[in-house]
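The chain contents come next:
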Amino acid sequence: SPQNPADVAGGDGSGSGLPLPEGHDKTSDFGSTEDPSGSFDRADTPAGVSEHDSADDDTDSRVSEPSRPPDATRNDAGIANSDTNDSLGWRAAAYASRAAVGIAKTAAAAVGIGHVVGRVCDAVRLEERCVPFLVHGGDALTTELIDKCPSLFGSYVPPAWCTNPHAQTLIGYGRMLTLFLKYDRQLVRCEDGGQVALDWLVESRFKKTNKLADVFRATWRASFAFGSNAKNVEKRPSRFAPETRRAGNAKDPPKTVTASSIPDACSLPLDAPVFIMLHGINGGSHEGPTKWAIATAAARGWRCVALNLRGCGGAALASPKVYCAASSSDVRAAVDACHALYPAAPILLSAYSLGTYIVGTYLAEEDCKPGGAARRNVAGAVLTSCPMDPHSSYAGLSDPDIPSGLLYNGAIAAKLREYFFKHSEVIHEHPEVDAKALNIAAMRTVADFEKAVIVTTHAFRDVEEYYAYFSPERIIPAIRTPTLYVVARDDPFLGQMEGISKVIRESKHVALAHVARGGHVAFLEKGTGVFGQCWTDKVTGEFLQAALEPRSTCAEAAAKSAGSPKTVIARDIPGIGQRRIVARTSIVFDAADDEDDVSDARLTEGDAAKRAKL
């Protein structure tokens, strides 16, 4: 009968060793009365095996290991298992743990070495100073606001190791790994039936605190500093009764923003400014530009919230209508919700990339209404890395002579495919979307998605009309809220700026600041890199703080002299443009219109057939 591998000399499981000598206890490590080392003499050679044969056997080491239990095996970590499957499991776990530790050490070493190399490069190489170039009409309002922004009159110094715009753009998104925030999510229903997610900042994670020192300090104050008078003992502010004073001095924010400089939201007063941050394509509150902008605003004592567009940031798509640059309903729902929660607080807006189109469209549409955006206490906005001309911007992304543009186009299309695959079942229920003709897997460019879904669901005739609606050159003349655009001239998505400069110089409320370097949503600074706030974070805080301060008489007169917008920015498209998709299987009309009149005057035969089919 075949022998158990543990019953042969050597115990290596190969079956090539010799049988154990008689008298050896197989169930004990040292059951034999022979030499404790486990070796045996030539005289102990088992019967049937000659000394010559044993000497020529390369597998016979003449040294036996301590015997093991018959069914025991031992993995690489030295742990005995009674079952082969368990041994494989332990072995896989050991390998996985070693790999995880190795990856962690490699990542830590790479970050540390990269930080050191970056500092060395900054010290050795000549720095490149970028002086901001300001474009505005020269009126008292914009001049007064810009004069209160010291970062716009200094210089922006990018890291010496990261002056390439593509390197800035790609490395800039690594900022999401250098700051960790804790949010509290609120879901808000939009006017068209959609749903957005508001992530309210609660506190920062991994604060550097010394609890022992805090306890000692509190004990000292209670026992010695204030004596036994209980009314003098410092009390911790209640979570449900915020302090009446501002947390921190907004005029003197910390020079370096860290996790420890972010106050808890429960310590803010009810009239603290509400800072709303909006992301770009398929972004969310988890992205680095969003988190660091929120951290910078929170260090000023502002209440911060990250707006996740419908279907983004883990939020469900509640209606078949997707987000787009020309639809301001998501921002409007967020502003209305914040104003309802904190009616006495001013509201500050900020966005980057695609979000700048949405916020700009919202400001233009609201400022065309009586009272403007000020009806909701909107005090100002800063829009970073806005592609100033959407037509030329997309042309650069689809030009075969610009390989980098094609790469960006493909990367954005991949993110859009991920978004549409995730919400395909809901999108297919839109009455204007042909589910059979919609082939998401075959779409390889941004224009493919815009033609197939966005133009259809938002009732535009074509992509050209869609671009024209939210173009900054069209909406800026209608904005009556203090707004600052900040861009980099080496931004791969920027587009042409000839026409936009003329429009901004004619505005009394909008200004533009552009620098030579910065990439797209990056603007990394020397000495900081991805480990802190960038240059635009500082500019955003300074400009919005200036918008909160009282205006001079001349600035107020300049703001009033602008008058009402000459061109009204509003969506008033007959047919489906006036309908709201409030559920996946129903379409209703605006409540402001009489239902009977609307159904008689505005329903065409085709619309009536579609509605009857639903």
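Rules of the game
- Residues numbered from 1 in each chain as written.
- Predicted model: local features only at pLDDT ≥ 70, side-chain atom pairs only at ≥ 80, totals over all residues.
- Heavy atoms only, no water.
- Axes fitted to C-alpha atoms, helices over the stretch in contact; angles between N-to-C directions.
- Helix = DSSP H or I, 4+ residues; strand = E, 2+ residues; numbered from the N terminus.
- Parallel < 35°, antiparallel > 145°, perpendicular 65-115°, else oblique.
- Contact = heavy atoms within 4.5 Å.
- Nonpolar A, V, L, I, M, F, W, Y, C, P; charged D, E, K, R; others polar.
- Buried < 20%, exposed > 50% of the residue type's maximum accessible area, 1.4 Å probe, protein only.
- Polar contact = N/O pair within 3.5 Å; in protein donor to acceptor, adjacent residues only side chain to side chain.
- Salt bridge = Lys/Arg side-chain N within 4 Å of Asp/Glu carboxyl O.

**Some remarks on the packing of helix H3 (residues 140-147) against helix H17 (residues 553-561)**
Reasoning step 1: As a packed pair, H3 and H17 sit with axes 7 Å apart at the nearest point and diverge in direction by 130 degrees. Compared by their axis directions, H3 and H17 come out oblique. Here Ala 140, Leu 141 and Glu 144 of H3 come into contact with H17, specifically with Cys 554, Ala 555, Ala 558 and Ala 559.
Reasoning step 2: Looking at side-chain class alone, the contact of H3 with H17 contains six nonpolar, no polar and one charged residues.

**Section: the environment of Ser 155**
Reasoning step 1: Counting through the fold element by element, Ser 155 comes out in the loop between H3 and helix H4 (165-172).
Reasoning step 2: We classify Ser 155 as partly exposed; its relative accessible area is 26%.
Reasoning step 3: On a C-alpha basis, the gap between Ser 155 and Cys 130 in space is 5.4 Å, while along the polypeptide they are 25 residues apart.
Reasoning step 4: Setting aside residues no more than four positions away along its own chain, Ser 155 makes contact with Arg 129, Cys 130 and Pro 132.
Reasoning step 5: A distance of 2.9 Å separates the side chain of Ser 155 from the side chain of Arg 129, its partner in a polar contact.

**Observations regarding the packing of helix H9 (residues 390-397) against helix H13 (residues 463-470)**
Reasoning step 1: Across the interface, H9 lies against H13 with an axial gap of 9 Å and an inter-helix angle of 125 degrees. The angle between H9 and H13 places the two elements in the oblique class. Contacts from Pro 390, His 391 and Tyr 394 of H9 reach H13 at Glu 464, Tyr 467, Ala 468 and Phe 470.
Reasoning step 2: The residue makeup of the contact of H9 with H13, split by class, is five nonpolar, one polar and one charged.

**Details of the pattern of salt bridges**
Reasoning step 1: Across all of its chains, the model carries 18 salt bridges by this definition.
Reasoning step 2: The partner of Arg 461 in a salt bridge is Glu 465, with the nearest N and O atoms 3.1 Å apart.
Reasoning step 3: A salt bridge links Arg 551 to Glu 556; its shortest N-O distance comes to 3.7 Å.
Reasoning step 4: A residue is classified by how much of its surface remains accessible, and Glu 556, at 32% relative accessible area, is partly exposed.
Reasoning step 5: In the salt-bridge network here, residues are joined through shared partners; they are Glu 191, Arg 332, Glu 365, Glu 366, Lys 369 and Arg 375.

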